[in-house]
Structures are given as structure tokens and as C-alpha cells.
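Notes for the structure review
Here are the chains, one letter per residue:
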Amino acid sequence: MALLKTSPNGDMPSAPVAAPRPAALLLATLHAGATAAERREAALELAAAPDAARDLSAAPDAARDLSAALGQETELSVREAIVTTLVVISTEEAASGLADFLMSDDPHLRNLAIEALREIGPVAGSQIERLLASSYPDVRIFAVNVLDAFFYRRAQDRERLHTLLQRDPDVNVGLAAVEALSQAGGPEDIPALRAFAARFPEHPFVGFAVDMVCLRVMPGDAR
Amino acid sequence: MTEPAKRALVVDDATTVRMYHRGILEGAGFVVEEAMNGMEGLERALSAAEPPDLLLVDVNMPRMDGYAFLRAVRAEPALCSIPAVMISTEREVADADRAFEAGANLFLVKPVRPDVLGRCARALAGAGRDIST
Amino acid sequence: MSTLASRGEAAVSAISEAESLRFQDFFYRKTGIQFGPAKRYFVDRRLIERMSATGADSLNAYLVQLRYEDAGGQELQHLINAMTVNETYFYREEYQFRCLVNSILPELTAMRAPEDRRPLRLWSLPCSTGEEPYSLAIQLLENWPAVDRYDVQIVASDIDTSVIARARAGLYEDRSVQYLPASVKARYFTRTTDGRWRIVDDLRASVDFGPINLSDPSDMRCHKGAFDVIFCRNLLIYFDEVSSRRAAEAIFDALRPGGFVCLGHSESMSRISSLFTVRKFPDAIVYQRPES
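Residues numbered from 1 in each chain as written. Chains lettered and ligands numbered in written order. Predicted model: local features only at pLDDT ≥ 70, side-chain atom pairs only at ≥ 80, totals over all residues. Heavy atoms only, no water.

Here we look at the overall build of chain A
When helices and strands are tallied, chain A shows 13 helices and zero strands. Starting at the N terminus and ending at the C terminus, chain A contains elements arranged as α-α-α-α-α-α-α-α-α-α-α-α-α. In chain A, buried positions account for 54% of the 223 residues. Taking all contacts inside chain A whose residues are at least 6 apart in sequence as the whole, residues at least 24 apart take part in 63%. (Helix = DSSP H or I, 4+ residues; strand = E, 2+ residues; numbered from the N terminus. Buried < 20%, exposed > 50% of the residue type's maximum accessible area, 1.4 Å probe, protein only. Contact = heavy atoms within 4.5 Å.)

Description of the pairing of strand β10 (residues 285-288) of chain C
Residues and elements named next belong to chain C. Along β10, one buried face is formed by Ile-285 and Tyr-287 and the opposite face, lined by Val-286 and Gln-288, is buried too. Relative to β10, strand β8 (residues 255-262) is paired through two bridges, and the arrangement is antiparallel. Looking across to β10, one finds that Phe-260 is bridged to Gln-288. In this sheet, β10 lies alongside strand β9 (residues 277-280) in antiparallel orientation, the contact comprising four bridges. Opposite Val-278, over in β10, you have Tyr-287 as the bridge partner. Here β9 folds back onto β10, and the loop between the two strands holds four residues. (Pairing = 2+ DSSP bridges.)

Points about the interface of chain B and chain C
Every contact between the two is made by 16 residues of chain B and, on the other side, 17 residues of chain C. When chain B packs against chain C, the two sides together hide about 1400 Å² of surface, and 48% of this comes from carbon and sulfur. On the chain B side of the interface with chain C, the three residues burying the most area are Met-39, Glu-43 and Arg-63 of chain B, jointly 41% of the side's total. Put simply, Arg-18 of chain B and Asp-25 of chain C hold a salt bridge, and the shortest N to O gap is 3.4 Å. Run the count over chain B and chain C and you get 13 residue pairs in polar contact (both at pLDDT 80 or more). (Buried area = accessible area lost by both parts, 1.4 Å probe. Salt bridge = Lys/Arg side-chain N within 4 Å of Asp/Glu carboxyl O. Polar contact = N/O pair within 3.5 Å; in protein donor to acceptor, adjacent residues only side chain to side chain.)

Things to note about the interface of chain C and chain A
For an interface, size is often stated in terms of accessible area lost upon the parts coming together. Opposite the 47 residues of chain C that make contact, chain A presents 50 residues. It is Arg-22, Tyr-68 and Arg-245 of chain C in chain C that bury the most area against chain A; as a group they hold 19% of the surface buried on that side. Summed over the shared surface of chain C and chain A, the result is eight salt bridges. A salt bridge links Asp-148 of chain A to Arg-67 of chain C, with the nearest nitrogen and oxygen atoms 4.0 Å apart.

Some words on the packing of helix α1 (residues 23-32) of chain A against helix α2 (residues 36-48) of chain A
Residue and element names in this part refer to chain A. Where α1 meets α2, the closest approach of the two axes is 8 Å, and the angle between their N-to-C directions is 145 degrees. Classified by chirality, the crossing of α2 by α1 is left-handed. Residues Ala-23, Leu-26, Leu-27, Thr-29 and Leu-30 of α1 lie in contact with α2, whose contacting residues are Glu-38, Arg-39, Ala-42, Ala-43, Glu-45 and Leu-46. Residue composition of the contact of α1 with α2, grouped by class: seven nonpolar, one polar and three charged. (Axes fitted to C-alpha atoms, helices over the stretch in contact; angles between N-to-C directions. Left-handed = near helix turned anticlockwise from the far one by under 90°. Nonpolar A, V, L, I, M, F, W, Y, C, P; charged D, E, K, R; others polar.)

Here's the deal with the nonpolar core
Counting residues in hydrophobic clusters, the biggest one holds 92 residues, and the most contacted among them are Leu-30, Ile-82, Leu-161 and Phe-196 of chain A together with Leu-25 and Phe-30 of chain B. Here the element with the most residues in this core is helix α11 (residues 171-184) of chain A; it accounts for nine residues. In contact with Ile-82 of chain A, not counting residues within four places along its chain, are Leu-30, Ala-43, Leu-66, Ala-69, Leu-70 and Glu-73 of chain A. Ranked by size, the runner-up nonpolar core spans 76 residues in total, among them Leu-9 and Ala-99 of chain B together with Leu-236 and Ile-251 of chain C. (Core = buried A, V, L, I, M, F, W, Y, C linked by side-chain atoms within 4.5 Å.)

A closer look at the packing of aromatic side chains
Aromatic ring pairs are reported here in terms of the distance separating the ring centres and the angle at which the planes meet. This structure, assessed with the given rule, holds 20 aromatic pairs over all chains. Judged by centre distance (5.9 Å) and plane angle (40 degrees), the rings of Phe-97 of chain C and Phe-231 of chain C are tilted. Taken as a pair, Phe-97 of chain C in helix α5 (residues 94-110) and Phe-231 of chain C in strand β7 (residues 227-231) lie far apart in primary sequence, 134 residues in all. Taking relative accessible area as the criterion, Phe-97 of chain C reaches 1% and is therefore assigned buried. Among the aromatic side chains, those forming a connected cluster through ring pairs are Phe-90, Tyr-134, Tyr-172, Phe-189, Trp-197 and Phe-209 of chain C. In this structure, Arg-98 of chain B is placed above the aromatic ring of Tyr-67 of chain B, and the distance from its NZ or CZ to the ring centre is 5.3 Å. Arg-271 of chain C extends its terminal NZ or CZ atom over the ring of Tyr-28 of chain C, reaching a point 4.9 Å from the ring centre. (Phe/Tyr/Trp six-rings, centres within 6.5 Å; stacked < 30°, edge-to-face > 60°. Lys NZ or Arg CZ within 6 Å of the ring centre and 35° of its normal.)

Let's talk about the sheet that holds strand β2 (residues 152-158) of chain C
The sheet built from seven strands is open, its strands ordered β6-β2-β1-β7-β8-β10-β9 (chain C) with mixed pairing. Each edge of the open sheet is held by one strand with a lone partner, namely β6 (207-211) and β9 of chain C. Ignoring which end each strand starts from, the neighbouring axes of this sheet average 25 degrees apart. Bridge count for strand β1 (residues 120-124) of chain C against β2 of chain C is five bridges, and the pairing is parallel. Looking at β2 of chain C, one finds that Arg-121 of chain C is bridged to Gln-153 of chain C. Against the sheet, helix α2 (residues 38-47) of chain B contacts β9 and β10 of chain C, and its axis sits at roughly 10 degrees relative to β9 of chain C. With respect to the sheet, helix α7 (residues 161-169) of chain C is in contact with β2 and β6 of chain C, its orientation differing from that of β6 of chain C by roughly 160 degrees.

Shown next as C-alpha cells:
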């Protein structure tokens, strides 16, 4: 039998473990690192420190710095690494920086920001009010996409969804709210859903979506 | 005489939208597969025994958006000539341009009407079964 | 999280079709796994079992628990285990081993300069009781024509040190080896007096076992850029969004540029990370760290 030739047990060459670099240096490398690999490594090292969340949230500029770096970065793997770090930090500053990208013209950045805000969770709720006040329907839709991840935890978020269903002039904003309720809605959402359907009788999809979701959120024994 | 039904792949992160488009396309004679984001869409299109005959693609999705999905599809020899309808809330002309540059054949604004989508789908891909609509 | 129902309310005994679809949609979003209509009875039964086990008196209550109150992911793990078949055995998901031999290794070796003498490194993570790394070794020896031309190192890691100990011992029941051809069993195993199968010493010595925690950055740091192929099957599916995001970064880092990662049969990177490129080969879809 031919043997698999292997290195002797335990002889895996390992990357030398360097001393941890200070946050200020890592942030500087993020902006001016020569290669994508250097910038990515700097971003992830920020997240990897044992007290990363605490240290970085104690340095309020860090989140702002990271967001600025994200806005300049074109390399996908570095964008992901920066987002990972912002999600680890999970402060209102981090959420605020990410929320600004919902208005970006870059679809990749926009969708990455939505994902990140959803992962941050209820802390991102601090951004929802201003996003829902946007005059751009798409931004309001994205706000609902973020809300969807945690609205059940906060009564005011459920109220916001009802208000959108009852009042938002853009049909797609209401439809985003219908979709959110298809995931985590309950019987208490049915009146607002029906009100939305009544406002947009000209769109066949509205009736379809509302009927589908009302059926799903009704408990089985209530039929 | 009937031919085998055409296959459509619906790529959208909203369940309500996927269900709705599924209903319309099945009514137009298509067999429908779904994906929740562009990456899953790419995987389904690549791993199907036969590539789909029609792609219906949302713009904003996690993991891989609609433009990135279309670009990836156009780069795959097995998939590059499949007709694609991009569906979006975005109305500005610039976004339609972006859709066509990424490789869409058609751009429709959400929410779509069933008759419009049905006719576009049949026109782009043709339905195999004899439908009286 | 509530324990067994003690509230005096009737346990749920039936799920409506709309509710079943709602649950299946949740499960599909989370894992990418879809069940056909034929599996409706199976899904509903398992769902009712989980609802009962957690004291949820309605589907809505159960989904809320799953979505918002399952901080450690334990209920999700129970749910996934209830809905999927999860045993380990030799040659499990064999199509991926075929892909390794027929497509991945030829591509990796074709890219190498002739004077490049670095070993090819494969990582089995989690390795559990060893069936997967030993299967890799056997497959290479049996089915890879170029196996004698390259140094190959197989590293096998798990967070659970007790399974690593069992893996090192290399002793298996009939059940684990049932899908192996007789010739393979004859070549790589010996029979013990109590009827178990023991991996031959040469093969046991060629796998490098050790503990690791994928979620610990300091654990993972020493494996930066080390591997050509990582098998990470049926692990990430259990992670929540933030943990799987970080795990994907760790796996990316552990791969050489151009290296490949294989997930489990029901898993997809589309639920985990955008870092990797989808690669379709005749035997399997796998994921690649971009070259540059």
C-alpha cells in the first residue's frame, strides 16, 4: 500500500503569532494598507481582540472611522471584514454609519449594510425612525427590511409597521411590511394588513400578499 | 401537440413575491424553481439537470444582489444566453440601464401585473404547454 | 426558554397547511433546505414534537422563540437535528470525495509550478470520530492517480476532545463501514476480536488529529493560509448569523488563495457568506477562495 506522505505529526508550519497591534494603528492600516490582504487583516484584528466590543465602543471614532473606510473600499473581502467588525462592535454609532449606506448608489454596499444592520439587531432600532422619515421610498423599504429582523422585540416597531400599512403612500413600502409580517406576524396584525389591502385595490399583488399573510398568521384552531 | 414545459427560476428574497410570481408563471405553463438570493439562484441554475429557460430576478437581496447574479450568469457558458427579466422598485432610467448592462433582457417595475408578467415570460421563453389565455 | 409544557394548556396536535408552509418557509430561509409536499407529514410531526418539547402552545409562539429567544442556538440545533438525518459513516456524501479527486485536486496541482514541493493540505473540520478524515485518506489512495507524486497532509480537528480520542483509536462498528467496498475494508482495516473494525496503523498515523474551536480567533490564527481544501460539513448550518459570518472569515483565512471549501449536502454558502465564489464541477458544487 502506498503511504500518504505527510509531515511528521505536529509539524504544521504556523504563522508566527505577532503581538496585537493597537486599534489606532489598525484603523490607519485600514485606510492606507497597501494590499487588500493587509486591510482585511487589520479590520479582522480589530474584531478579534478579546475586549473588542468594549474597547472599540469606548473609542467612538472607531465606528465612524470604520464606516468611512467602508465607503472608500472597493475590495469585496475587505468590505466584508469591515462589516464583521462593525457587527461585533454593535453600537449606535456603528449602526448609524451603516444606515448611511442605505442611500448608496452601490447596490452591493446597500445590501451589505442591510445585512449588517439586521445582524446588529435591536441596537439598529435607533436608526429606524430617521430612515422611515426619508422621502425616498426605497430607503423606507430598506428600513422595513432591517426592522424585520427584530420588530417583535419592540412594541414601537410593530406600531411603525402598522402605521406604514395604514398610511405610507408608496405601495412597495407597505408590501415590505406585509413580507415582514409573513415571517413574524400574529393575529393582531390582521386589521392593519386589511387596511393596506383596502388602500391599493388596483394592485393584484397587494390582495394576494395580504390574503396569504392573513392566512399564515391566524392560529390553526381559529379557523 | 405539447412540448416539455419550460423552466423558470424566480430569484427574490421575499416569500410573498416568490409565491406570487410562481403562481403567474405556472399559469403561463412554466415549471418554477425558487431561490432566496443571487448566490442560491446561481447554485440552482448551475446544478439543474437542464438550465432554466427564464430567469426572474429581484434587485435587492442579501448575499448576492440581482446585478451581481446576472453578471455571474452571463459569465457562465452554460447559462449565458438565458433570457432574464429584472424586477425592481427602482424607477429611474439609470437603474434600467444598469439592469441591461448587467445582462437583463427586460426590466419591470414592482408590483407587476399578472397579465404583463405572463405575456413577457411567454414572449421571452415560450411556454411548452397549450394555454388558452 | 421554557421547558416541558406545564401550563395546563392542550398540546398542539395538528398543524394547518398554512402554518406548515409558514414554518417550512422559516426553515428554508434559515438553512436553505426545502421539503416537498410528500414530506409534509414528517415535517409536521417533528415540528409538533419540538413545540411540545419547548412548551410552545402555538406555531407563532414557537417561531417567536426560535427567532428571538434562542440565544445559544440550542433549540435551532434540536430542530435541525430533528429535520435532517445526521449520522457519520465512512464515505458519507461520497460525491464530494469524487469531486475532490476528479476536479479539485487536478485543478490545484495544474496551477502549481513543477518545483513547488509544498504538501497539499486538507482539513477535516469538524472531524468528529474520524470517519471523514480517514475517508479522505482512503479515497486519495484508492482513486487519485497522482497520489504518489505529491506530499499530502490531512489535518483533522474538532472542538470535542473525546471524539478526537476515539478518532485516533480508529475503532468502528459495522454501521460506520457499511458503505465501504469489501476490498477497501480488507486493505485498510483489521477485525478485532469483538467484531469491530480498526484502521490499520499506517493510515492512522497519516492523519493529524487535534482540538480546535472555529469560533476562537486565536485558535484559528495559526492556520492562516495553510490549507488547499477544507471539508466543513454539517457544522455551519447550526451557527447563527453573526457566528457564521465570523466562521466564514476564519475559513477564508485558513485557505490558500484559490483553495476550496466543501459544505454538507444540505448546506449552502448562500446562507452563510459572500466571501467565496461558487464553483460547479461535474460531481458537486463547491466554494473557492478567490485567487488574488
